[in-house]
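A structural walkthrough
One-letter residues, chain by chain:
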Amino acid sequence: MYKLDSRELTRDDLSQWDALVDHSIHGTIFHKTDWLNACAQSLGKKVKIFGCFQDGLLVGGCSLFISQKWGIIPFAESICIMTPYGGFVLSSPPTKNVRKQETFSRQIIETLKKDIKKEHFFTTAITNAPEFLDIRPFTMNGWRSNVLYTYYMYLDNNIESHIDPSVKKNIRKAEKNGIIIEPFSNISRYYALYCETLNRKNVKSNATKGLFTELFSLMRNHNCGEMVVAKTSDDEIACAEIYVWDNQKAYSLSAVSDVRFLYSGATSLLRVNMMKRMQDRGIPKIDMTMGLIPQLSKFASRFNPTIVPYYQIQSWISDDIRGMKNLPRL
């Protein structure tokens with residue numbers, strides 16, 4: 001047994017948290033304090049990070065966004081718009097013995113769960129990063145689970161040799177149409193196209209222009225993301241994407257397109273260009289974040305990525321609440 005204690009992290013603990021995120025296989029840019037605070041402030045949520053300590057050293061934690069429904073009922077969730085992952089981050093166990101590794105990790109999780117339970121959230125919904133594989137400490141204790149999917153695109157090979165012939169054909173079409181790829185920084189134009197893209201799909205946006213502005217500023221200040229567009233010869237934006245990255249991989253955060261140029265080949269040219277840009281940065285893989293929407297999955301699969309599962313877990317304040325076989329979409 002390991003001697004552990006946990007509590008909500010204070011401002012003085014946040015540098016330890018960010019260091020843990022950087023060194024843990026479970027950590028992502030979406031767990032970092034700057035990202036959490038930017039999202040929380042723009043969306044009117046609060047952030048709580050619970051930490052588990054061993055002899056004063058932070059060995060695990062869990063990041064949560066807190067909101068209220070009807071002004072009185074607190075809900076906790078690890079993700080929000082523009083933040084696909086969050087939740088638990090654990091340090092590497094100090095042993096190669098599997099039994100001791102599992103014991104160490106489970107003790108951290110149990111210690112954190114007790115602290116989170118004291119908050120009396122009506123529901124706690126956590127979507128962990130794909131590298132957080134073992135959810136048995138939750139499912140064996142009454143938490144419900146749901147398996148989700150994303151795609152990883154590994155960048156250790158020649159990209160053109162790995163993609164579907166239809167993508168190559170679209171790239172040639174885009175080049176023939178005079179489509180050019182370049183970095184972009186006009187958030188107002190991007191956000192207008194973002195809203196048009198969602199309206200075309202009859203989807204209401206929960207992401208404000210302020211959120212895009214805050215996150216794009218963070219990306220530039222920390223050199224952890226960029227926006228790139230595919231333009232026509234008339235300076236029209238055919239499509240655009242925003243990518244962010246950490247020390248493990250890059251993530252396709254947002255993508256938009258103009259309906260007038262859907263068949264120009266621009267989306268394929270832009271996607272391959274972004275892959276090469278990430279490859280040039282020495283990033284080993286891209287999380288394409290397209291595994292849950294059929295139309296986007298069909299597009300992503302043409303690049304021959306690897307499908308990767310990740311897990312959503314949820315608990316309720318009362319064990320008497322029943323009747324939902326699947327988790328609600330967060």
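Not measured: the values here are computed from a predicted model.

1. Describing the overall build of the protein
When helices and strands are counted, the protein shows nine helices and 13 strands. Counting only C-alpha atoms and orienting by the principal axes, one finds that the protein spans roughly 65 × 50 × 40 Å. Considering only residue pairs separated by 6 or more positions, the protein has 73% of its internal contacts joining residues 24 or more positions apart. Summing over all exposed atoms, the protein offers an accessible surface of approximately 16,600 Å²; the carbon and sulfur share of this is 50%.

2. Here we look at the packing of aromatic side chains
As enumerated under the stated definition, the model contains 17 aromatic pairs in all. Aromatic pair Phe 88 and Phe 132: ring centres 6.1 Å apart, planes at 40 degrees, arrangement tilted. Taken as a pair, Phe 88 in strand β5 (residues 87-90) and Phe 132 in the loop between β6 (123-127) and α4 (136-139) lie far apart in primary sequence, 44 residues in all. Taking 4.8 Å as the distance between ring centres and 65 degrees as the angle between the ring planes, the aromatic pair formed by Tyr 194 and Phe 212 counts as edge-to-face.

3. Description of the packing of helix α2 (residues 33-43) against helix α7 (residues 209-222)
Think of two packed helices as two axes; the pair is described by the angle between the axes and how far apart they sit. Interhelical geometry of α2 versus α7 gives an angle of 160 degrees and a closest axis separation of 9 Å. The angle between the axes of α2 and α7 places the two elements in the roughly antiparallel class. Pair α2 / α7 crosses with right-handed handedness. Here α2 contributes Asp 34, Trp 35, Ala 38, Cys 39, Ser 42 and Leu 43 to the contact with α7, which in turn contributes Gly 210, Leu 211, Glu 214, Leu 215, Leu 218, Met 219 and His 222. For the contact of α2 with α7, the per-class residue count stands at eight nonpolar, three polar and two charged.

4. A look at the pattern of salt bridges
According to the stated counting rule, one finds 17 salt bridges in the structure shown. The residue Lys 48 makes a salt bridge to Glu 8 at a minimum N-O spacing of 3.1 Å. Taken together, the residues Lys 48 in strand β2 (residues 46-54) and Glu 8 in strand β1 (residues 5-8) connect sequence positions 40 residues apart. For Glu 8, a relative accessible area of 31% translates into the label partly exposed. Members of the salt-bridge network, linked through shared partners, are Glu 8, Lys 48 and Glu 119.

5. Focus on the nonpolar core
Membership of the largest hydrophobic core comes to 77 residues, with the highest contact counts inside it found for Trp 17, Trp 35, Phe 212, Met 219, Met 278, Ile 286 and Phe 303. If one sorts the elements of this core by residue count, strand β10 (residues 237-245) sits on top with eight residues. Those residues in contact with Trp 35 that lie beyond four places of it in its chain are Ile 29, Phe 30, Met 82, Thr 83, Leu 215, Leu 218, Met 219, Val 244 and Leu 253. Core analysis: the second largest hydrophobic core is formed by 22 residues, Val 59, Phe 88, Ile 109 and Ile 116 among them.

Definitions and cut-offs
Residues numbered from 1 in each chain as written. Predicted model: local features only at pLDDT ≥ 70, side-chain atom pairs only at ≥ 80, totals over all residues. Heavy atoms only, no water. Helix = DSSP H or I, 4+ residues; strand = E, 2+ residues; numbered from the N terminus. Contact = heavy atoms within 4.5 Å. Areas by Shrake-Rupley, 256 points an atom, 1.4 Å probe, with all protein chains shown as cover. Phe/Tyr/Trp six-rings, centres within 6.5 Å; stacked < 30°, edge-to-face > 60°. Axes fitted to C-alpha atoms, helices over the stretch in contact; angles between N-to-C directions. Parallel < 35°, antiparallel > 145°, perpendicular 65-115°, else oblique. Left-handed = near helix turned anticlockwise from the far one by under 90°. Nonpolar A, V, L, I, M, F, W, Y, C, P; charged D, E, K, R; others polar. Salt bridge = Lys/Arg side-chain N within 4 Å of Asp/Glu carboxyl O. Buried < 20%, exposed > 50% of the residue type's maximum accessible area, 1.4 Å probe, protein only. Core = buried A, V, L, I, M, F, W, Y, C linked by side-chain atoms within 4.5 Å.

Honestly, it's all geometry; don't read function into it.
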